[in-house]
Amino acid sequence: MDENEEKEYNDIASLAAYLHSDKMQAFKAAEERAEKGLPPLEDEPEQDSFSKDVLFTSDRRRPASAPRRRPSAKHSAAAAPVSEPVPKTQRIDEPKTQRIDEPKTQRIDEQKTQRIDEQKAVEAPPKPDEHANSEHNRYTDRPRKKHSAAAKTEKHESADAQNIPALSESLSESLGLRAAEINEQNRNALPPEDTPEIFDITEGSDQEKQFNNAATRLMNAVNDPVSRNDAMREDMEAEEEEIRAEKMEAAIMRRRYERQKQSTRTLAYILIALLLCTAIIGASAYASAHIVKWALDFTGIAAQDFKIDVEIPEDASVETVAAILAENNIISDAKFFKLYADFADKLKADEKDRNTDFIGGKYTVSSTMSYSTLLSLFRTEKTRKETVSVRIIEGMNAREIGDLLEKNNVCYAEDFEKYYKDILNIYDFERRVKQSSSKMYQLEGYLFPDTYEFYVVNGMADGGAPERGETEQEARERIKKDSEENALVAAKKMYSNFNDKMTMKMYKKMGEMNMTLDEVVALASIVQKEAGYTEDMEMVASVFLNRIRHSAEFPYLQSDVTIMYVEDVIKPNFKGSETAKTRLCNAYNTYVCQGIPAGPVCNPGLDAINAVLYSAESPYFYFCANPDTGEIFYAETEEKHNENKILAGLTGTGQTAEEYGEGENG
């Protein structure tokens, strides 16, 4: 409540105390009887009019002994509220109350004493020593005098003669004299904030207007208890609703906090559970992966199939062997291999003929070998193999290479032939090689010349002699099997070497020259055979390339080395009809076929291949070489070429140009 509302409230409370005093009620009763022409009531013992004053409070409290009074209809009708300020002495209208009327005689009897006192107060205010009531009078103990009937009539007439302003002024003076006593008497009945205050109001002032307006509102509220109760109830309900809303909001906030806390706790539990599950799954996956890896590594089932040569030193330890195998990707875990080897040795501790020493030497091992097979291989004397170093010379054909491998007891030549006769479809370069029936061997020219280390087939040098504990039949089968394996290993080594030597730059150069890989290798094989020295290869290659570029004038390469290949390789080894043989021979004979032959005539080295790709610039279309010194003579014309033949000593031996072909180049 702000300051203005509090002030208005106090003004209304003061006016209520005044209007509900016993004197005011007695005055209204006497006035009512006078208007109706009724005689005044009988005298009764006077009572202290201010001792029974009832102050109207915000909670409508009143003493139980104070009867509820209803103003007369006439008085109520005459007291309509006015909008303009009223004089101070003018009595403020009171609306009718809603309570049920009591019998008139009973009401008159109940208010008899109060009305008489009000009349006496109007005629002459009582003096303190004239109040003789022992219970209420605080000034004297003398008994009151009873009034006669004549005196009552006289007093009634006197009161009837007085006007309302005079009565109001008299009551105001009485109220002013007893203000302190009213406050003291009602101090315990009202809360401190409801204690009325008496104001000295000047007539015609703004304060009077405010007081009159407040009084009007108060009287309307006093005489309309239902509306007042409803308003108070609404205020109380609004306040209770506000408190209830605050409590509900607090409860909602508390529940929200509890839910948030519970959600946070649940989320934390979920995160912890996820972390635990992740850790368990991760540990399980890690353990499972290692278990599976060890199992596969132990058995060699899922490993990629490849073979490799390893060398085990003499008196090698388990750690050394395991490290060698792990380094060559035969096993994946050296520690696990060592654990298995130690465990296997402990199981065989009681065996007398057990062998726990590793036999030094070179071994061919496979990635699919199990741990037990590897240990047996390195600890068995008969599995010990010898190796041989074989140098493949540039310009050797496939059959010559096979014969060289057989001579060194690596494999039989017929076993090696299977791996160059047809395309294997293993390496990248094979995608650029065209399968053709006009070729004697599909992979001739791709067995890259180099020095290789191969295993020797035990017993092959002795004509298939059996080893210790073998029969002759078992020895032959073992040698045949080892020969096939070694032949495949030898061919793969050579093809892998060729595949590694070829670069994308070289393939790009072939495209720029509009030549295929087959054509480049075939021409390089001719250059390899024709040129005795590396420094001559680029010039020899330029002669053949000049003829290819001027194919209209020089449709044939006319190289003698192609005739040698026909005579030494095709005719003796071709297993077909004569017609097919002739057709095949003509496909390689550069005096018969136009351009590059159907296939290489040998296996050229890297220098010959690069000589074709990066040949020298020359104007020559002919060349010939001295067979004794290897010196090469070049010519632009056929006349000059014939002169060079004489210089090379080719005609002095009884050979003629016709034997080498017209326009001979070799």
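That block above? That's the structure.
What comes next concerns the included structure. Just so it is clear, the model here is predicted, and its values are computed rather than measured.

**Description of the pattern of salt bridges**
Think of it this way: side chains of opposite charge can pair up when their charged atoms draw near.
1) Next: In the structure shown here, the tally under the stated rule is 14 salt bridges.
2) Next: Of the charged contacts, one joins Lys261 and Glu258 as a salt bridge, the two residues approaching to 3.7 Å between their closest N and O atoms. One end of the pair is Lys261 and the other is Glu258, both in helix H10 (residues 225–299) and three residues apart, which spans about a single turn.
3) Next: The shortest N-O distance in the salt bridge between Asp518 and Lys439 comes to 3.5 Å.

**Remarks on the nonpolar core**
1) Next: In terms of nonpolar packing, the biggest core is built from 69 residues, with Leu405, Phe416, Phe429 and Leu517 touching the most fellow members.
2) Next: The biggest single contributor to this core is helix H18 (residues 517–530), with seven residues.
3) Next: The residues contacting Leu405, other than those within four sequence positions of it, are Val390, Val410, Cys411, Phe416, Phe454, Ala490 and Met494.

**A closer look at unusual backbone geometry**
1) Next: Despite not being glycine, Asn425 has its phi angle at roughly 60°, a positive value.
2) Next: Among the secondary structure elements, Asn425 is positioned in the loop between helix H15 (413–421) and strand S4 (451–455).
3) Next: For Asn425, a relative accessible area of 64% puts it in the exposed group.
4) Next: Unlike most non-glycine residues, Gln558 shows phi in positive territory, near 55°.
5) Next: Relative to the assigned elements, Gln558 resides in the loop between helix H19 (534–549) and helix H20 (560–573).

**Focus on helix H23 (residues 638–648)**
1) Next: By the burial criterion, the buried members of H23 are His641, Asn644, Lys645 and Ala648. Mapping the buried residues of H23 onto a view down its axis gives an arc of 110°, with all of them on the same face. Those residues of H23 that are exposed and aimed more than 90 degrees away from the buried face are Glu639, Ile646 and Leu647.
2) Next: Measuring from the backbone nitrogen of Lys640 back to the side-chain oxygen at the start of H23 gives 3.3 Å, which picks out Thr637 as the cap.
3) Next: Following H23 by one or two positions, Gly649 has its phi on the positive side, about 80°.

**Some thoughts on the side chain of Asn626**
1) Next: Checked against the element boundaries, Asn626 lands in the loop between strand S5 (622–625) and strand S6 (632–635).
2) Next: Relative accessible area serves as the criterion here: at 15%, Asn626 is assigned to the buried category.
3) Next: At 2.9 Å, the side chain of Asn626 and the backbone nitrogen of Asp628 are in polar contact.

The rules we used
- Residues numbered from 1 in each chain as written.
- Predicted model: local features only at pLDDT ≥ 70, side-chain atom pairs only at ≥ 80, totals over all residues.
- Heavy atoms only, no water.
- Salt bridge = Lys/Arg side-chain N within 4 Å of Asp/Glu carboxyl O.
- Helix = DSSP H or I, 4+ residues; strand = E, 2+ residues; numbered from the N terminus.
- Core = buried A, V, L, I, M, F, W, Y, C linked by side-chain atoms within 4.5 Å.
- Buried < 20%, exposed > 50% of the residue type's maximum accessible area, 1.4 Å probe, protein only.
- Contact = heavy atoms within 4.5 Å.
- Arc of directions from axis to C-beta.
- Polar contact = N/O pair within 3.5 Å; in protein donor to acceptor, adjacent residues only side chain to side chain.

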